[in-house]
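Given next are the chains, with one letter for each unit.
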Amino acid sequence: MSCKRLKIRIAGIVQGVGFRPFVYRLAVERTLNGWVLNDSEGVLIEVEGHTAAVESFCAAIVSELPPLASISRMSSEVLPLTGEQGFLIDTSRQSDLRVAQISPDTHVCPDCLRELLDPHDRRYRYPFINCTNCGPRYSIVTAVPYDRPSTTMVDFPMCEPCQQEYENPASRRFHAQPNACADCGPALSLHDQKGTLLPSADPLAEAVKCLRRGDVLAIKGLGGFHLAVDPQSSEAVACLRHRKRRDEKPFALMVPDLETARQFVKIKTAEKRLLEAVERPIVLLEQITDQQLISQLTAPGNRYFGVMLPYTPLHYLLLQEFPALIMTSGNQGDEPIVFSDDEAFMRLAGIADLYLCHNRRIHIRTDDSIVRILAGEPVLMRRSRGYVPRAVTLPQPQLSVLAVGAELKNCICLTSADRATLSHHIGDLKNISVLDSLQQAIDHLQHLLDVRPQLVAHDLHPDYASTAVARKMPDIPKLAVQHHHAHLASCLADNGRDEQVIGVIFDGIGYGSDQHIWGGEFLLGDFSGFERVGHLAELAMPGGDAATREPWRMAFSLLYTTFGETIPELPLFDRVAVADRKLLLQMIAKGINSPLTSSCGRLFDAVAALVGLRQTVSYEGQAALELEMYLDDRPLLPPYHFAIEETADKLIVDPRTMTRELVADLHQGRPTGQISARFHQGLAAAIWETCCAIRVRYGPLPVALSGGVFQNAYLTEKVCQLLVNADFEVLRHRQVPPNDGGLALGQAAIAGRYLQR
Ligand code: ZN
Ligand code: ZN
Ligand code: FE
């Protein structure tokens, strides 16, 4: 029988994920000889034996990959036979692991879960059980190389049995850095409102009692604190809303299993797959009408619930006691989620009645990720725990750059060769405490990836806090990137593409090259540059920023554009004093504090206000979201009409006909759901028509859809249908959010191309 020896090199997420024991097992099963080791590029293997066995070994590496591992490159070369006997895990070359990728935090695996619930296992009901296939990673890593002393587990010297597992290549816990048990590892503790430690033999049981009473429990989790209440009690939910000063934004639910969740939400196959995925995101699921189990206060005005499965052993133990728990970020308002005990006692004071803590430190915070199935594909709305720090592979290697994102849903990006690593969700930089968090994220990511960027990219907006942070960085060139160009590039990079496309970039707000506020843009562009070939007609934003918080102002603006001074009577006006109306119209007419915007988000706001859904909003995108939630397309009515006006160099999407049709519908008393459907369909048709007109002018190109508006499922599905039927290739986001949370990826790709030139 023929024999051969292969040298195999594997790159990707292959360290700290049980890869070497996995390779060891595959080799031993096939009585192959050789060794496996970690080095700076990933994993290196030499293997020798019968040719067929070596080949099946190579195939099994790919087909049986451990759950947390992912291979980005694999290559092999044939070596002369050496006659080596036995297979070894070689730990000698572990000194230089810096470029190796760190795995995201991961939900407890089925093996650990089985042990957790097995009364005969030594880790029975131990809330911190983990192995090489699961457990905390990104949130506990303090430095590289990824080794126990470089994690917050350094606080816990292993006991004898744990140490043996750690050293045994045949064990599932071989080099599992967070390995622990009840004898040596982290433990739960209970604290009262003031943070004083409460002596308790069973903190978990006390926590369950607290929730049953309808009290608010703060729970320290994987990447930060949650605030939990029992969603079956409307009083408890109302109390949490009141204390958190969060009137309307939906709360997420954690459920013990899908069976239980089906009592109050519909779960389609794609959604089931997503709920059960290793990332364990919050998935937006349609509520069952008239469900009685969950309080309506959980997600007021919303047809969806955000639902997730338990992801830590502690969550599993807690959820054994409830059909669902509200698990919302432990913070006040828009502050960052709290992740250290002392901070929690301070900042959650007055909100939490009791704290369920533990003594494993969280080094870097990571919020729960949020995903929605949209036109059959998952779309990330927030990319954080479970996904971070997994890198996006760029279409081309480039010099290292740092991109600091925009203002809302901030997230940064650092590149190294062809890898773009996005940080955890940082938050809205309007909040001063989030700003510190941005600086920490920059430092941490540079340290972790050991990358010194050669350029820092920031948004073109001169007043963004992220722009200020970038400008303050000493001794490094800066590049200002136009917001919607960055969205376009983000969608390209997300799809591994590097070519010219038509970018349909619809969002709330972005600073334009002409210093106007953009947000309904048709761009022709690639990583090197762009041309603005079309946009939504500009509307005045009377009162500037106030128009963002008060959509009724945008409604007036839209009416003024359409009807001039003689705007028709509408129920909306009952709520606005005559003097205020006059003043507002004067502001618009004279252009006083009324910046012009082509923003699609503001158009949605105007329509939501016109139909009487929303006069003010308490969070960004709320009016647009509710307009989508009310949508009812049965019976199917004709879309409202947007005229496409062609000028020499641009296509302008004019909303005036649409507005007249909408006002006529209002006067006829047409239901809000139908008006919403006609508006959505009209907008989709306008996008399609504009893309067709661009194709006539510039030739056939793929269309990239990006910007926060493309979190709207109905609009996105309609646009995709129309474009695909017209033979356009449509690029949508897959790995990063279409909203500003994915913006830094685009900034980074543009900056990389800029450095190359
Ligand atoms: Zn495990
Ligand atoms: Zn132990
Ligand atoms: Fe944006």
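Residues numbered from 1 in each chain as written. Chains lettered and ligands numbered in written order. Predicted model: local features only at pLDDT ≥ 70, side-chain atom pairs only at ≥ 80, totals over all residues. Heavy atoms only, no water.

**Some thoughts on the domain arrangement of the protein**
Taken domain by domain, the protein consists of domain 1 (3–101), domain 2 (188–358), domain 3 (376–495 + 739–756) and domain 4 (534–731). Computed from C-alpha atoms alone, the centre-to-centre distance between domain 1 and domain 3 is 34 Å. Across the boundary between the two partners, domain 1 contributes 5 residues, which contact 7 residues of domain 3. Summing the contributions of domain 1 and of domain 3, the shared interface buries around 500 Å²; its carbon and sulfur component is 35%. Applying the counting criterion to the domain 1 and domain 3 interface returns 1 salt bridge. The closest approach of N and O atoms between Asp418 and Arg73, which form a salt bridge, is 3.9 Å. Between domain 1 and domain 3 we count 0 residue pairs in polar contact (both at pLDDT 80 or more) in total. (Domains from an automatic or database assignment. Contact = heavy atoms within 4.5 Å. Buried area = accessible area lost by both parts, 1.4 Å probe. Salt bridge = Lys/Arg side-chain N within 4 Å of Asp/Glu carboxyl O. Polar contact = N/O pair within 3.5 Å; in protein donor to acceptor, adjacent residues only side chain to side chain.)

**What about the coordination of the zinc ion (ligand 2)?**
Protein coordination of the zinc ion (ligand 2) is provided by Cys159 (SG), Cys162 (SG), Cys181 (SG) and Cys184 (SG), with donor distances spanning 2.2 to 2.3 Å. Viewed at the metal, the 4 donor atoms of the zinc ion (ligand 2) are separated by angles of 103 to 116 degrees, and the geometry they form is tetrahedral. All donor residues of the zinc ion (ligand 2) come from one chain, and their arrangement in sequence is C-x2-C-x18-C-x2-C. Considered together, Cys181 and Cys184 belong to a single accessibility category, that of buried residues. (Donors = N, O, S within 2.8 Å, 3.2 Å for Na, K, Ca; no water. Tetrahedral: all angles 85-135°; square planar, octahedral: opposite > 155°, others 65-115°. Buried < 20%, exposed > 50% of the residue type's maximum accessible area, 1.4 Å probe, protein only.)

**Let's talk about the coordination of the zinc ion (ligand 1)**
Protein coordination at the zinc ion (ligand 1): the donors are Cys109 (SG), Cys112 (SG), Cys131 (SG) and Cys134 (SG), at 2.3 to 2.4 Å from the metal. One can describe the donor arrangement at the zinc ion (ligand 1) as tetrahedral, given that its 4 donor atoms subtend angles of 104 to 118 degrees at the metal. Sequence spacing of the donors to the zinc ion (ligand 1): C-x2-C-x18-C-x2-C. Linking Cys109 in the loop between strand 5 (87–89) and helix 3 (110–116) with Cys134 in the loop between helix 3 and helix 4 (160–167), this pair joins segments that are 25 residues apart in sequence. Cys134 carries the same exposure label as Cys109, and that label is buried. (Helix = DSSP H or I, 4+ residues; strand = E, 2+ residues; numbered from the N terminus.)

**Some details on the packing of helix 17 (residues 600–610) against helix 20 (residues 672–698)**
Helix 20 packs onto helix 17 with a crossing angle of 155 degrees between their chain directions and a minimal axis gap of 11 Å. Compared by their axis directions, helix 17 and helix 20 come out roughly antiparallel. Remark: the crossing between helix 17 and helix 20 carries right-handed chirality. Here Cys600, Leu603, Phe604 and Val607 of helix 17 come into contact with helix 20, specifically with Phe679, His680 and Leu683. Considering only residue class, the contact of helix 17 with helix 20 consists of 6 nonpolar, 1 polar and no charged. (Axes fitted to C-alpha atoms, helices over the stretch in contact; angles between N-to-C directions. Parallel < 35°, antiparallel > 145°, perpendicular 65-115°, else oblique. Left-handed = near helix turned anticlockwise from the far one by under 90°. Nonpolar A, V, L, I, M, F, W, Y, C, P; charged D, E, K, R; others polar.)

**Comments concerning the nonpolar core**
Ranked by internal contacts, the top residues of the largest apolar core, which has 72 residues, are Phe506 and Phe679. With 10 residues, the single largest contributor to this core is helix 20. Ranked by size, the runner-up nonpolar core spans 44 residues in total, among them Ile129, Leu222, Leu319 and Phe322. (Core = buried A, V, L, I, M, F, W, Y, C linked by side-chain atoms within 4.5 Å.)

**Considerations on the pattern of salt bridges**
Taken as a whole and judged by the stated rule, the model has 44 salt bridges. Here Glu206 ties to Lys209 by a salt bridge, and the two come within 3.7 Å at their closest N and O atoms. Residue Glu206 and its partner Lys209 are located together in helix 5 (residues 203–212), separated by 3 residues, close to a single helical turn. Judged by relative accessible area, Glu206 falls into the partly exposed class, the value being 31%.

**Some thoughts on the pairing of strand 13 (residues 325–329)**
Across the 5 residues of strand 13, 5 count as buried, placing the element largely inside the fold. Sheet analysis places strand 9 (residues 225–229) next to strand 13, joined by 4 bridges and oriented antiparallel. Looking at strand 13, one finds that Val229 is bridged to Ile326. In terms of strand pairing, strand 10 (residues 252–254) meets strand 13 through 2 bridges, oriented antiparallel. Bridge pairing in strand 13 places Leu253 opposite Ile326. (Pairing = 2+ DSSP bridges.)

**What about helix 17?**
Among the 11 residues that make up helix 17, 11 are buried, leaving the element largely enclosed by the rest of the structure. Among all positions of helix 17, only Cys600, Gly601, Arg602, Leu603, Phe604, Asp605, Ala606, Val607, Ala608, Ala609 and Leu610 are buried. Capping the start of helix 17, Ser599 holds a side-chain oxygen 3.1 Å from the backbone nitrogen of Gly601, two or three residues further along. Positioned one or two residues after helix 17, Gly612 has a phi angle of 90 degrees, which is positive.

**Focus on the packing of aromatic side chains**
For the structure on display, the rule yields 11 aromatic pairs. Seen in terms of ring centroids, Phe506 and Phe522 are 5.6 Å apart; in terms of plane orientation they differ by 85 degrees. Their pairing is edge-to-face. Taken as a pair, Phe506 in strand 22 (residues 501–511) and Phe522 in strand 23 (residues 517–525) lie far apart in primary sequence, 16 residues in all. Taking the relative accessible area as the measure of exposure, Phe506 reaches 0% and is therefore buried. Measuring from centroid to centroid gives 5.9 Å for Trp552 and Phe556, while their planes differ by 85 degrees, and the two rings are edge-to-face. Here Trp552 and its partner Phe556 are both found in helix 15 (residues 551–563), 4 residues apart, which amounts to about one turn of the helix. Trp552 sits in the buried class, given a relative accessible area of 13%. Ring pairs connect the aromatic residues Phe506, Phe522 and Phe710, which therefore count as one cluster. Note that Arg241 overlies the ring of Phe251, its terminal NZ or CZ placed 4.1 Å from the centroid. It is Arg660 that lies over the ring of Phe563; its NZ or CZ is 5.9 Å from the centre. (Phe/Tyr/Trp six-rings, centres within 6.5 Å; stacked < 30°, edge-to-face > 60°. Lys NZ or Arg CZ within 6 Å of the ring centre and 35° of its normal.)

**Considering the sheet that holds strand 9**
In spatial order, the strands read 7-6-14-8-9-13-10-12-11-15-16; together these 11 strands make up an open sheet with mixed pairing. Single-partner strands in this sheet number two, and they are strand 7 (197–198) and strand 16 (377–382).

**Here's the deal with the sheet that holds strand 4 (residues 70–79)**
Hydrogen bonds between backbone atoms are what pair the strands of a sheet, whose relative direction is either parallel or antiparallel. Strand order in this open sheet of 5 strands is 4-1-3-2-5, and the pairing throughout is mixed. Two strands bound the open sheet, and with one partner strand each, they are strand 4 and strand 5. Between one strand axis and the next, the sheet turns by 15 degrees as a mean value, whatever way the strands run. Examined bridge by bridge, strand 2 (residues 33–39) and strand 3 (residues 42–50) share 7 bridges and lie antiparallel to one another. Its bridge partner being in strand 3, Gly34 is matched across the sheet by Val47. Strands strand 1 (3–13), strand 2, strand 3 and strand 5 of the sheet are contacted by helix 1 (residues 19–29), whose axis makes an angle of about 175 degrees with strand 5.

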